[in-house]
Amino acid sequence: MSNTQGNLNTTAEVGIVEDSGSFPPFDSTTYPSQLLWLVLSFGVFYWVMSKVVLPRIGGILEDRRDRIAGDMAEASRLKQETDEAIASYESALAEARKKATTMAHDARSKVKAETESARAAAEEQLAAKLSESEQSISKITAESLSHVGEIAAETAGELVKALIGGRAPAKAEVAKAVDAALK
Amino acid sequence: MAGNSGNAIDPIHQFHISKIFPVEIGGVDFSFTNASLFMVVTVAVATLFLVLSTNRRGLVPSRAQLMAEMSYEFVAATLRGSAGNDGMRFFPLVFSLFMFVFVANMLGMFPYFFTVTSQIIVTFALAILVIGTVTIYGFFKHGAGFLKLFVPSGVPVGVIPLVSTIEVISFLSRPVSLSVRLFANMLAGHITLKVFAGFVVMLTGFGAVGIASAILPLILTVAITALEFLVAFLQAYVFTVLTCMYLADALHPSH
């Protein structure tokens, strides 16, 4: 077994030859010890993994998943709220616009009606005044015309008196003469 | 002197098991060895990392916490992918197996560190744990219905004996293939690494020409180191995936 150990230049092959009697992995005298310590160490490892490490990592991952899902739900809720707010704002805006249009229309038609009525009233008033004025003019004209003969007679009487002196001719006479002249 | 020199380039030396505290119970050797030490170190490293990184329970994870969460979700996705949601009852087992094998493989990449998973008895014990869980849970849950595992549906009656024989052999060889795959990968990788690194040491002993020619094995050593890191992860993953597939059989024995 050890007859080559003195050789300084032992090669790898010689090394294998040297140990071929007990290739370590096939040396069954080490098996009980290896099995015992494997069972102990792997047993402890399995216990720690299943009781401590894996529940912990699983918990971390689940927390994160829940947190992300919660945040996503919150975000979509907020988005929905925003959408609703935008929709209500837009409908309010549209309604206000409609109302403004109606109000403008109403105001315009009201003003128009008022103007119309005021104009009609003014026109009526003017027409009334016109007809009144016409009436009074025609009355004055008629009156004036009726007094023409009288004035003429009076004037004629005065003229005659001034011209011939003395007593003025009788009124009836003069009127008669004037009427004749006027005709 | 001579012995040390031999050990320095002896690719098997790294698998030697040496006693640290001798323990003997009933004539059987249960000594605390370097293998035991590295099992404890593996468990301590994995546990401390997972516990300390998640201690803050941050809603926004730190880098370390993110790594712990990623390993959790990685194993959970693997298990859920092959065994469905029912399979999550085995999650602690699968996660422990993955972390244990992965950390043991990775620790084995440190120089002078012992590789726990390069011992066939360790990988075989882990494989028996998996197959034992599958068999016991399968019979517990389905009773004799678990035997449907060996009788695929839709097979003509005439060939059932043949198919069932093959299925039984394949089932029995599962612990062997599961354990040998991990063991052989770790063993072969570490031997290859040691052999190429040994070439570098040997060639540098032959003067200038030796040093010049040592460059090639040095480059290979670096490349194989990178490959071994990949293998360390990949074998832990393969072990986990196969565990998940076998557990799926326990949950749904009729294919």
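The model shown is predicted, which means the values in this text are computed figures rather than measured ones.

Examining the overall build of chain B
Along chain B, the regular secondary structure elements total eight helices and four strands. Taking all 255 residues of chain B together, the buried fraction comes to 34%. For chain B, restricting intrachain contacts to residue pairs at least 6 apart in sequence, the fraction spanning at least 24 positions comes to 66%.

Section: the interface of chain B and chain A
Many structure descriptions define interface size as the accessible area lost when the parts assemble. Opposite the 47 residues of chain B that make contact, chain A presents 41 residues. Taken together, the elements giving at least two residues each to the side of chain B that touches chain A come down to helix H1 (2-8), strand S3 (28-29), strand S4 (32-33), helix H2 (34-53), helix H3 (63-83), helix H4 (91-107), helix H5 (120-142) and helix H6 (160-203) of chain B. With nine residues, the top contributor of residues to the side of chain B that touches chain A is H2 of chain B. Here the residues of the side of chain B that touches chain A sort into 30 nonpolar, 13 polar and four charged.

Structural notes on the environment of lysine 99 of chain A
All names here are of chain A. Inspection of the secondary structure assignment puts lysine 99 in helix H2 (residues 31-164). Look at lysine 99 and you get exposed, because 10 C-beta atoms sit within 10 Å. Each C-alpha atom, one on lysine 99 and one on tyrosine 31, is 96 Å from the other, the two residues being 68 residues apart in sequence.

Comments concerning H3 of chain B
When the terminal C-alpha atoms of H3 of chain B are compared, their 30 Å separation across 21 residues agrees well with the 30 Å that a helix rising 1.5 Å per residue should span. Restricting attention to buried positions, one finds in H3 of chain B the residues Gln65, Ala68, Tyr72, Val75, Thr78, Leu79 and Ala83 of chain B. For H3 of chain B, the buried positions fall inside an angular range of 165° around the axis, keeping them on one side. Facing away from the buried surface of H3 of chain B by more than 90 degrees, the exposed residues are Arg63, Met70 and Ala77 of chain B. Turning to H3 of chain B, the residues buried within the fold contact H2 of chain A together with H2, H4 and helix H8 (215-251) of chain B. Residue glycine 84 of chain B follows H3 of chain B closely and has a positive phi angle near 75°.

So, the packing of H2 of chain A against H5 of chain B
How two helices sit against one another is set out by the angle between their axes and by the gap between those axes. It is at 9 Å that the axes of H2 of chain A and H5 of chain B come closest, and there the two elements cross at 45°. Of the possible angle classes, the one that applies to H2 of chain A and H5 of chain B is oblique. The interaxial crossing formed by H2 of chain A with H5 of chain B has right-handed handedness. Of the residues in H5 of chain B, those touching H2 of chain A at Tyr31, Gln34, Leu35 and Leu38 of chain A are Ile121, Val122 and Ala125 of chain B. Residue composition of the contact of H2 of chain A with H5 of chain B, by class: six nonpolar, one polar and no charged.

Remarks on unusual backbone geometry
All names here are of chain B. Even without being glycine, arginine 57 reaches a positive phi, approximately 50°. Locating arginine 57 in the fold gives a position in the loop between H2 and H3. In the Ramachandran plot, tyrosine 112 falls in the positive-phi region, its phi being about 70° despite a non-glycine side chain. Following the sequence through the fold, tyrosine 112 ends up in the loop between H4 and H5. Judged by C-beta crowding, with 5 C-beta atoms within 10 Å, tyrosine 112 ranks as exposed.

Parameters and conventions
- Residues numbered from 1 in each chain as written.
- Chains lettered and ligands numbered in written order.
- Predicted model: local features only at pLDDT ≥ 70, side-chain atom pairs only at ≥ 80, totals over all residues.
- Helix = DSSP H or I, 4+ residues; strand = E, 2+ residues; numbered from the N terminus.
- Buried ≥ 20, exposed ≤ 12 C-beta atoms within 10 Å, placed from the backbone.
- Contact = placed C-beta atoms within 7 Å.
- Nonpolar A, V, L, I, M, F, W, Y, C, P; charged D, E, K, R; others polar.
- Expected span 1.5 Å × (residues − 1).
- Arc of directions from axis to C-beta.
- Axes fitted to C-alpha atoms, helices over the stretch in contact; angles between N-to-C directions.
- Parallel < 35°, antiparallel > 145°, perpendicular 65-115°, else oblique.
- Left-handed = near helix turned anticlockwise from the far one by under 90°.

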